[in-house]
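Descriptive structure summary
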Amino acid sequence: MYQVLVVVLAVAHLVFLAYLVVGGVIALRFPRTIWLHLLTVTWAVIMIVGVVECPLTWLERWARAAGDMAPLRAEGFIAQYVTGVIYPTGAVGVVQGAVFAVILGSWLQFGWLARRRRILRET
């Protein structure tokens, strides 16, 4: 049972990370979702700065301990499943920069499109 919970939590983490990256792009097609993306990015920044640990990480640590599984690495989910698996360990800075660029680019484009829609409505 605990193994299933760990897998579900890992998938939830990956979905969160995917939405973090592409949520702004999704908002270009579905503008009302920009608020969900804003909340997602805010939450990610809070976790990155170290104000709080991700609750999914905390639950995974608990499930692994309860299920007598190997513990999650001290650095957390990304160090366990993403860094060195999806991209090389030495590319952390490049990947973080790319994620930031995608988010910023999608938000800038969202703002430009929102302004354009507003101007078109006023004419």
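A quick note: this is a predicted structure, and the numbers were derived from the prediction, not measured.

What to know about the layout of surface pockets
Left-over empty space is what a probe sized like a water molecule reveals as it rolls over the atoms. By volume, the largest pocket is sized at about 1,000 Å³. Taken together, 35 residues make up the lining of the largest pocket; nearest its centre are L17, L20, I48, I78 and Q96. Secondary structure elements with two or more residues in the lining of the largest pocket: helix 1 (2-29), helix 2 (34-49), helix 3 (55-66), helix 4 (77-82) and helix 5 (92-122). Looking at which element gives the most residues to the lining of the largest pocket, the answer is helix 5, with eight residues. Here the residues of the lining of the largest pocket are counted per class, giving 27 nonpolar, five polar and three charged.

Some details on the pattern of salt bridges
Going through the model one piece at a time under the given rule, you end up with three salt bridges. We note a salt bridge from E53 to R61, for which the minimum N-O separation is 3.2 Å. For R61, a relative accessible area of 24% corresponds to the partly exposed category.

Considerations on the UniProt feature "transmembrane region" (unreviewed entry) in the protein
UniProt records the feature "transmembrane region" (unreviewed entry) for residues 6-28, 35-58 and 78-108 in the present numbering. From the first C-alpha to the last, residues 35-58 spans 26 Å; its make-up is 79% helix and 0% strand.

What about the confidence of the model for the protein?
Chain-level pLDDT for the protein is 92 on average; 100% of the residues reach the 70-or-more range. By mean pLDDT, the top-scoring element of the protein is helix 1 (96), and the lowest-scoring one is helix 4 (88).

Section: the side chain of S106
For S106, the position within the fold is in helix 5. In this structure the side chain of S106 is engaged in a polar contact, spanning 2.9 Å, whose partner is the backbone oxygen of I103.

Here's the deal with the environment of F100
Structurally, the position occupied by F100 is in helix 5. A relative accessible area of 55% places F100 in the exposed class. The sequence separation of F100 and L20 amounts to 80 residues, and the corresponding C-alpha distance is 9.7 Å.

A word on the packing of aromatic side chains
Summed over the entire model, instances satisfying the criterion amount to two aromatic pairs. With 4.8 Å between their ring centres and 40 degrees between their planes, F77 and Y81 make a pair best called tilted. Of the two residues, F77 and Y81 are both situated in helix 4; the distance of four residues between them amounts to about one turn of the helix. Look at Y81 and you get partly exposed, because its relative accessible area is 23%. A cation over an aromatic ring shows up here: R29 above the ring of F30, its NZ or CZ 5.2 Å from the ring centre.

Reading the values: the criteria
- Residues numbered from 1 in each chain as written.
- Predicted model: local features only at pLDDT ≥ 70, side-chain atom pairs only at ≥ 80, totals over all residues.
- Heavy atoms only, no water.
- 1 Å grid on protein atoms, 1.4 Å probe; cavity = no way out; pocket = protein on both sides within 12 Å on 5 of 7 lines; lining within 4 Å.
- Points joined across faces, edges and corners; volume = space filled by probe spheres on them.
- Helix = DSSP H or I, 4+ residues; strand = E, 2+ residues; numbered from the N terminus.
- Nonpolar A, V, L, I, M, F, W, Y, C, P; charged D, E, K, R; others polar.
- Salt bridge = Lys/Arg side-chain N within 4 Å of Asp/Glu carboxyl O.
- Buried < 20%, exposed > 50% of the residue type's maximum accessible area, 1.4 Å probe, protein only.
- UniProt positions renumbered as here; feature names shortened; annotations may be inferred.
- pLDDT = per-residue confidence, 0-100.
- Polar contact = N/O pair within 3.5 Å; in protein donor to acceptor, adjacent residues only side chain to side chain.
- Phe/Tyr/Trp six-rings, centres within 6.5 Å; stacked < 30°, edge-to-face > 60°.
- Lys NZ or Arg CZ within 6 Å of the ring centre and 35° of its normal.

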